[in-house]
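Here is how the chains run, residue by residue.
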Amino acid sequence: MANVESFDLDHSKVHAPYVRLAGLKRTPHGDAVSKYDLRLLQPNAAAIDPAAIHTLEHLLAGYLRDHLQGVLDVSPMGCRTGMYMAVIAEPDEQGVLEAFGAALRDVAAHDQQIPGVSELECGNYRDHDLEAARVHAQTALSAGLKIQKTVLLNR
(Lines give C-alpha, C1' and ligand atoms only; values in the text may rest on other atoms or scores of the structure.)
Protein backbone atom coordinates (compact mmCIF):
# COMPACT_ATOMS: atom_id res chain seq x y z
CA MET A 1 0.00 0.00 0.00
CA ALA A 2 1.18 3.53 -0.75
CA ASN A 3 2.43 5.63 2.16
CA VAL A 4 -0.12 8.14 3.49
CA GLU A 5 1.42 11.35 4.84
CA SER A 6 -1.04 11.77 7.70
CA PHE A 7 -0.06 8.35 9.10
CA ASP A 8 3.50 9.65 9.56
CA LEU A 9 2.34 12.63 11.66
CA ASP A 10 2.84 12.24 15.40
CA HIS A 11 -0.68 13.19 16.46
CA SER A 12 0.39 13.35 20.13
CA LYS A 13 2.78 16.26 19.44
CA VAL A 14 0.54 18.68 17.56
CA HIS A 15 -1.52 21.34 19.30
CA ALA A 16 -4.90 22.32 17.85
CA PRO A 17 -6.34 24.58 16.62
CA TYR A 18 -3.85 25.05 13.79
CA VAL A 19 -3.00 25.23 10.11
CA ARG A 20 -0.34 22.85 8.79
CA LEU A 21 1.05 22.26 5.32
CA ALA A 22 0.37 18.54 5.00
CA GLY A 23 1.76 17.98 1.53
CA LEU A 24 2.77 19.37 -1.83
CA LYS A 25 2.34 17.58 -5.14
CA ARG A 26 3.30 18.56 -8.67
CA THR A 27 1.11 17.78 -11.65
CA PRO A 28 2.69 16.33 -14.80
CA HIS A 29 2.75 19.92 -16.15
CA GLY A 30 4.61 21.18 -13.06
CA ASP A 31 1.70 22.92 -11.35
CA ALA A 32 1.69 22.81 -7.55
CA VAL A 33 -1.20 21.46 -5.48
CA SER A 34 -0.87 22.07 -1.74
CA LYS A 35 -2.76 20.12 0.92
CA TYR A 36 -3.43 21.80 4.26
CA ASP A 37 -4.51 20.32 7.57
CA LEU A 38 -7.02 22.74 9.13
CA ARG A 39 -7.32 21.26 12.60
CA LEU A 40 -10.03 22.47 14.96
CA LEU A 41 -9.78 19.93 17.79
CA GLN A 42 -6.91 18.16 19.47
CA PRO A 43 -6.45 14.69 17.96
CA ASN A 44 -7.55 11.80 20.17
CA ALA A 45 -9.02 14.20 22.73
CA ALA A 46 -12.33 15.12 21.10
CA ALA A 47 -14.28 14.80 17.85
CA ILE A 48 -16.81 16.96 16.06
CA ASP A 49 -20.18 15.24 15.82
CA PRO A 50 -21.15 14.18 12.27
CA ALA A 51 -23.93 16.75 11.79
CA ALA A 52 -21.67 19.63 12.87
CA ILE A 53 -18.71 18.59 10.72
CA HIS A 54 -21.06 18.17 7.77
CA THR A 55 -22.26 21.75 8.26
CA LEU A 56 -18.67 22.98 8.70
CA GLU A 57 -17.81 21.29 5.40
CA HIS A 58 -20.63 23.09 3.58
CA LEU A 59 -19.82 26.49 5.10
CA LEU A 60 -16.03 26.31 4.88
CA ALA A 61 -16.23 25.12 1.26
CA GLY A 62 -17.67 28.53 0.39
CA TYR A 63 -16.08 30.80 2.94
CA LEU A 64 -12.51 29.55 2.38
CA ARG A 65 -12.95 30.23 -1.35
CA ASP A 66 -14.03 33.78 -0.44
CA HIS A 67 -10.71 34.37 1.35
CA LEU A 68 -8.18 32.29 -0.60
CA GLN A 69 -7.75 31.86 -4.32
CA GLY A 70 -7.30 28.44 -5.91
CA VAL A 71 -9.17 26.30 -3.38
CA LEU A 72 -9.92 22.97 -5.03
CA ASP A 73 -11.55 21.07 -2.18
CA VAL A 74 -12.41 21.24 1.50
CA SER A 75 -13.10 17.85 3.07
CA PRO A 76 -13.68 16.63 6.60
CA MET A 77 -11.08 14.40 8.22
CA GLY A 78 -12.29 10.91 8.97
CA CYS A 79 -11.24 11.40 12.61
CA ARG A 80 -13.59 14.41 12.73
CA THR A 81 -11.05 16.79 14.27
CA GLY A 82 -10.78 19.15 11.32
CA MET A 83 -10.66 19.58 7.57
CA TYR A 84 -8.28 19.04 4.71
CA MET A 85 -8.01 21.71 2.06
CA ALA A 86 -6.44 21.26 -1.36
CA VAL A 87 -5.39 24.44 -3.13
CA ILE A 88 -3.68 25.25 -6.42
CA ALA A 89 -0.19 26.74 -6.06
CA GLU A 90 1.84 27.18 -2.89
CA PRO A 91 0.16 29.79 -0.68
CA ASP A 92 2.22 30.62 2.37
CA GLU A 93 1.07 29.24 5.69
CA GLN A 94 0.46 32.72 7.10
CA GLY A 95 -1.92 33.52 4.25
CA VAL A 96 -3.74 30.21 4.76
CA LEU A 97 -3.90 30.89 8.51
CA GLU A 98 -5.47 34.30 7.87
CA ALA A 99 -7.95 32.83 5.36
CA PHE A 100 -8.90 30.04 7.77
CA GLY A 101 -9.42 32.55 10.57
CA ALA A 102 -11.58 34.76 8.35
CA ALA A 103 -13.61 31.76 7.18
CA LEU A 104 -14.14 30.61 10.78
CA ARG A 105 -15.32 34.10 11.71
CA ASP A 106 -17.79 33.87 8.83
CA VAL A 107 -19.00 30.47 10.08
CA ALA A 108 -19.35 31.75 13.65
CA ALA A 109 -21.51 34.63 12.38
CA HIS A 110 -23.52 32.60 9.84
CA ASP A 111 -27.22 33.07 10.57
CA GLN A 112 -28.78 32.11 7.26
CA GLN A 113 -29.70 28.84 5.62
CA ILE A 114 -26.80 26.43 5.16
CA PRO A 115 -25.84 26.40 1.47
CA GLY A 116 -26.33 23.23 -0.53
CA VAL A 117 -28.81 21.65 1.87
CA SER A 118 -31.55 20.02 -0.14
CA GLU A 119 -32.24 16.53 -1.39
CA LEU A 120 -31.00 17.62 -4.82
CA GLU A 121 -27.76 19.27 -3.60
CA CYS A 122 -26.58 17.04 -0.76
CA GLY A 123 -26.25 13.32 -0.19
CA ASN A 124 -27.34 13.53 3.45
CA TYR A 125 -29.19 16.85 3.61
CA ARG A 126 -31.02 16.11 6.88
CA ASP A 127 -27.77 15.67 8.84
CA HIS A 128 -26.67 19.22 9.72
CA ASP A 129 -26.19 21.26 12.89
CA LEU A 130 -25.56 24.96 12.29
CA GLU A 131 -25.42 25.94 15.95
CA ALA A 132 -22.80 23.30 16.77
CA ALA A 133 -20.75 24.31 13.71
CA ARG A 134 -20.86 27.93 14.85
CA VAL A 135 -19.72 26.92 18.35
CA HIS A 136 -16.78 24.89 16.98
CA ALA A 137 -15.71 27.82 14.81
CA GLN A 138 -15.87 30.29 17.71
CA THR A 139 -14.12 27.90 20.09
CA ALA A 140 -11.21 27.46 17.66
CA LEU A 141 -10.95 31.22 17.18
CA SER A 142 -11.03 31.85 20.92
CA ALA A 143 -8.30 29.28 21.50
CA GLY A 144 -6.07 31.05 18.99
CA LEU A 145 -5.18 29.62 15.60
CA LYS A 146 -1.52 29.06 14.87
CA ILE A 147 0.79 27.50 12.32
CA GLN A 148 1.80 23.95 13.29
CA LYS A 149 4.98 22.45 11.91
CA THR A 150 4.86 18.81 10.93
CA VAL A 151 6.13 16.51 13.68
CA LEU A 152 6.94 13.09 12.25
CA LEU A 153 6.79 9.83 14.13
CA ASN A 154 10.16 8.44 15.20
CA ARG A 155 10.33 5.15 13.32
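Residues numbered from 1 in each chain as written. Predicted model: local features only at pLDDT ≥ 70, side-chain atom pairs only at ≥ 80, totals over all residues. Heavy atoms only, no water.

1. Focus: unusual backbone geometry
(1) Moving on: The omega torsion across A16 and P17 is 5°, close enough to zero to call that bond cis.
(2) Moving on: We note that N44 has phi near 60°; this positive angle belongs to a residue other than glycine.
(3) Moving on: Classification of N44 as exposed rests on a relative accessible area of 76%.
(4) Moving on: The residue A89 is not glycine, and still its phi comes out positive at about 85°.
(5) Moving on: In this fold, A89 is placed in the loop between β4 (82–88) and α2 (93–109).
(6) Moving on: In this structure A89 comes out as partly exposed when scored by relative accessible area, which is 35%. (Buried < 20%, exposed > 50% of the residue type's maximum accessible area, 1.4 Å probe, protein only. Helix = DSSP H or I, 4+ residues; strand = E, 2+ residues; numbered from the N terminus.)

2. Things to note about the side chain of H128
(1) Moving on: Following the sequence through the fold, H128 ends up in the loop between α2 and α3 (130–143).
(2) Moving on: In this view, H128 contacts A51, H54, T55, H58, I114, V117 and C122; residues no more than four positions away in its chain are not counted. (Contact = heavy atoms within 4.5 Å.)

3. What to know about the pairing of strand β1 (residues 18–26)
(1) Moving on: With eight bridges connecting them, β1 and strand β2 (residues 32–39) associate as antiparallel partners. Each bridged residue has a counterpart across the sheet, and for V19 the counterpart in β2 is L38.
(2) Moving on: Linking two consecutive strands that pair antiparallel, namely β1 and β2, is a turn of five residues; a positive phi of about 90° is found at G30 within it.
(3) Moving on: The sheet contact formed by β1 and strand β5 (residues 146–147) spans two bridges and is parallel. What sits directly across from V19, in β5, is I147. (Pairing = 2+ DSSP bridges.)

4. Here we look at the pairing of β2
Side-chain positions along a regular strand alternate between the two faces of the sheet.
(1) Moving on: Of all the eight residues making up β2, six are buried; the element is thus mostly covered by neighbouring parts of the structure.
(2) Moving on: Taken together, the seven bridges between β2 and β4 define a ladder with antiparallel strand orientation. Directly across from Y36, in β4, lies its bridge partner M85.

5. Describing the packing of aromatic side chains
(1) Moving on: Under the defined criterion, the tally for this structure stands at zero aromatic pairs.
(2) Moving on: Above the plane of the ring of Y84 lies K35, whose end atom (NZ or CZ) is 4.3 Å from the centre. (Phe/Tyr/Trp six-rings, centres within 6.5 Å; stacked < 30°, edge-to-face > 60°. Lys NZ or Arg CZ within 6 Å of the ring centre and 35° of its normal.)

6. Considerations on the sheet that holds β2
Sheets are built from strands paired through backbone hydrogen bonds, the pairs being either parallel or antiparallel.
(1) Moving on: Taken in spatial order, the five strands make up an open sheet running β3-β4-β2-β1-β5, and their pairing is mixed. One side of each edge strand has no neighbouring strand; the edge strands of this open sheet are β3 (71–76) and β5.
(2) Moving on: Lying on the sheet, helix α1 (residues 50–67) is in contact with β2, β3 and β4; it crosses β3 at an angle near 165°.
(3) Moving on: Along the sheet, α2 contacts β1, β2, β4 and β5; its crossing angle with β1, the most-contacted strand, is approximately 125°. (Axes fitted to C-alpha atoms, helices over the stretch in contact; angles between N-to-C directions.)

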